[in-house]
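Each chain, letter by letter, is given below.
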Amino acid sequence: MLTLQKGSLNWALKHALNFGDTDVFPVPFEYQALDLDWQSVRPELDSVNVLEWPTRPPRTLLSPKAKFGFRAITQLDPIDFLIFSSLVYDISGDLEERRIPIQSEVVYSYRVQTNVEGQLFNPSIGYRQFIEQCQTKLVGDTDGIYVATTDISDFYSRIYHHRLENALRAATTKTSHVNAIMGLLSGWNGTETFGIPVGCAPSRLLAEITLSDVDEALLANGVDFIRFNDDYRIFASSEAEAYKHIAFLAEILFRNHGLSLQPQKTGIFTADSFIRNFLSTPLDREMDSLHERFQELIEDLGLESWYEEIDYDDLSPEQQEIVDTLNLVELFREELDKAEPDLPVIKFCLRRLGQLGDDGVVDDIFENLESLTPVFSEIINYLKSLRYLHSDRRSQLGARLLDLLEDSIVSELAYHRMWILDVFTSTREWDNEGRFVALYNTELHQAGRRKLILAMGRAQQTHWFQFQWRSLFDHPHWQRRAVLAAASCMPGDARRHWYRSVEPQLDLLEKAVVKWAKQNPFSQG
């Protein structure tokens, strides 16, 4: 038997609340409900034997990775996620200890540094430090230096469970935790014996420990490399040596893990060519400058986060000058004029413009959606952050978003439809409420139907909810919880009677949702 510690469960909930359960789905309201009812929920979870936990099917959607590239992304049922996160948190120190030390300056991805607020990874070590180390290795005379670049094909989705299990057992003596983690993966994957959830932090640490033997093999064979996630940079004194090292990496990945390298992203470059193509383009230098200037502004304003709102009118003339020199709107438009926009630049502009509440690129977005689909979630978050919009303008944008559901490039993926509909789930400011029921009747995917249920509740379309208690348990779990939350739009007496009629049949999470909905009703009636 294995039970979870209170501290681990507390950490897991903090992680979900402060960092989200994934970086690819909207954060579910269920975590707010769990937080509200935690004193009732946690004792129940404390007593669970997680070795026998019955998992629920995760939500899996296809999302754009590039203009014509896709990947399957995963969102775990909230209680499953808390249990998974707690287990990984408990062994995270052991896993970090097993990896090549940070001081070796070799592996820059997802280094463990936990805190009580739910942090799992060290925020000061990441992709930027990976790039800086590349630059450091190529300072001075670069004649005769070659750099091989490559990454692993379909990494997370192709990780074999027995290889992962071996890596975990080599890293920690907490065998029951390993058994529980493998049990969860088996429950989510069914008969498949490969693949881990894509998009959540605990999975990233499992992926890292899986590659630890590959890192060690490269070092033991004298390969000079650095790595971020599945992205490798190998340094050599000749083209032949670089080829030899890539071949060795390919062999060890296939032999140990059944993995392969992406041929489109594998190449050998002279040092100068690598610097030009990967490290020192004019755009890279401009982006470094933008990051530095924006960091100066954040520090000057005393903000705790890069993503806090900034009111331009409250800035000093000097601070306004910093914002003006960023030229975010023009930079965004310059990227859109290219055949293939640089997506990190697009994301940077959208996030910063969103902080400022600047709607200057809204029309550009709608006119160029075909090339912007890989950053669609950032687009939606940008639109939601436009706090200065007049009500008529917001209503028009709401209509334009819903129009995309009917005949546009983004209407083809349930992932896009989910993000569009998310706009309408927390406020009525986007209007167009008369379209929700018809959209629900034609929406085929559960992710979209869940969002429309929440939107109908927010719009106080009580007629739809009054008789849902009869068919509540016909809905899958994610939709059922949406119905329970959104039914709070009904008048007080009606919703109290409605909840009383269904509560005896609800599970632990559903009861927490009802408690949260009663305290945060979609209607104050």
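All residue numbers refer to position in the chain's written sequence, counted from 1. Given that this is a predicted model, residues contribute local features only at a pLDDT of at least 70 and side-chain atom pairs are listed and counted only at 80 or more, while totals for whole chains, interfaces and linings are drawn from all residues. Note: side-chain values were computed over all heavy atoms of the structure, leaving out hydrogens and water.

- Per an unreviewed UniProt entry, the protein chain goes by the name Reverse transcriptase domain-containing protein and belongs to Halomonas stenophila.

## As for the layout of surface pockets
- For cavity detection a 1 Å grid was placed over the protein atoms alone, and a set of points counts as a cavity when a 1.4 Å probe fits there but cannot get out; an open set counts as a pocket when protein lies on both sides within 12 Å along at least five of seven lines, with lining residues being those that have an atom within 4 Å of a point. Grid points are joined across faces, edges and corners, and a volume is the space filled by probe spheres set on the points. Volume-wise, the second largest pocket comes out at about 270 Å³.
- In terms of lining, the second largest pocket is formed by 18 residues, of which the most central are Val27, Phe29, Thr425, Ser426 and Leu454.
- Of the residues in the lining of the second largest pocket, the class split is 8 nonpolar, 4 polar and 6 charged.
- Domain assignment of the residues forming the lining of the second largest pocket places at least three in each of domain 1 (6–277) and domain 2 (282–519). Polar here means any residue outside two lists: the nonpolar Ala, Val, Leu, Ile, Met, Phe, Trp, Tyr, Cys and Pro, and the charged Asp, Glu, Lys and Arg; Gly therefore counts as polar. Per the annotation, domain bounds derive from an automatic or database assignment of domains.

## A word on the pairing of strand S3 (residues 146–151)
- Only protein chains enter the calculation, and the probe is 1.4 Å; a residue is then buried if its accessible area is under 20% of its type maximum, exposed if over 50%, and partly exposed in between. The helix and strand labels rest on DSSP assignments: H or I over at least four residues marks a helix, E over at least two residues marks a strand, and numbering proceeds from the N terminus. Burial runs high along S3: 5 of the 6 residues are buried.
- Sheet topology places S3 next to strand S5 (residues 231–236); 6 bridges connect them, and they run antiparallel. Across the sheet, the residue bridging to valine 147 is phenylalanine 235, located in S5.
- As paired elements, S3 and strand S6 (residues 267–270) share 4 bridges and run antiparallel to each other. Each bridged residue has a counterpart across the sheet, and for valine 147 the counterpart in S6 is phenylalanine 269. Whether two strands pair depends on DSSP finding at least two bridges between them.

## Here's the deal with the packing of aromatic side chains
- Classification of ring pairs rests on two measures: the distance between centres of Phe, Tyr or Trp rings, Trp counted by its six-membered ring, which must be within 6.5 Å, and the angle between planes, read as stacked under 30 degrees, edge-to-face over 60 and tilted in between. Applying the stated criterion across every chain yields a total of 18 aromatic pairs.
- With a centroid separation of 6.1 Å and 75° between ring planes, the pair formed by tyrosine 31 and phenylalanine 81 is classed as edge-to-face. Separated by 50 residues along the polypeptide, tyrosine 31 in helix H2 (residues 30–36) and phenylalanine 81 in helix H4 (residues 78–98) bring together distant segments of the chain. For the pair tyrosine 31 and phenylalanine 81, one class covers both residues: buried.
- Clustering of aromatic rings is evident, with ring pairs tying together Tyr110, Phe121, Tyr127, Phe130 and Phe228.

## A look at empty space enclosed by the protein
- As enumerated under the stated definition, the model contains 2 cavities of 30 Å³ or more in all.
- In this structure, the largest cavity occupies an estimated 40 Å³ of space.
- Elements that contribute at least two residues to the lining of the largest cavity include exactly helix H16 (362–367), helix H18 (376–384) and helix H19 (391–404).
- Residues that form the lining of the largest cavity fall into these classes: 9 nonpolar, no polar and no charged.
- Of the pockets and cavities examined, the second largest cavity occupies roughly 30 Å³.
- Residue classes in the lining of the second largest cavity are distributed as 4 nonpolar, 3 polar and 1 charged.

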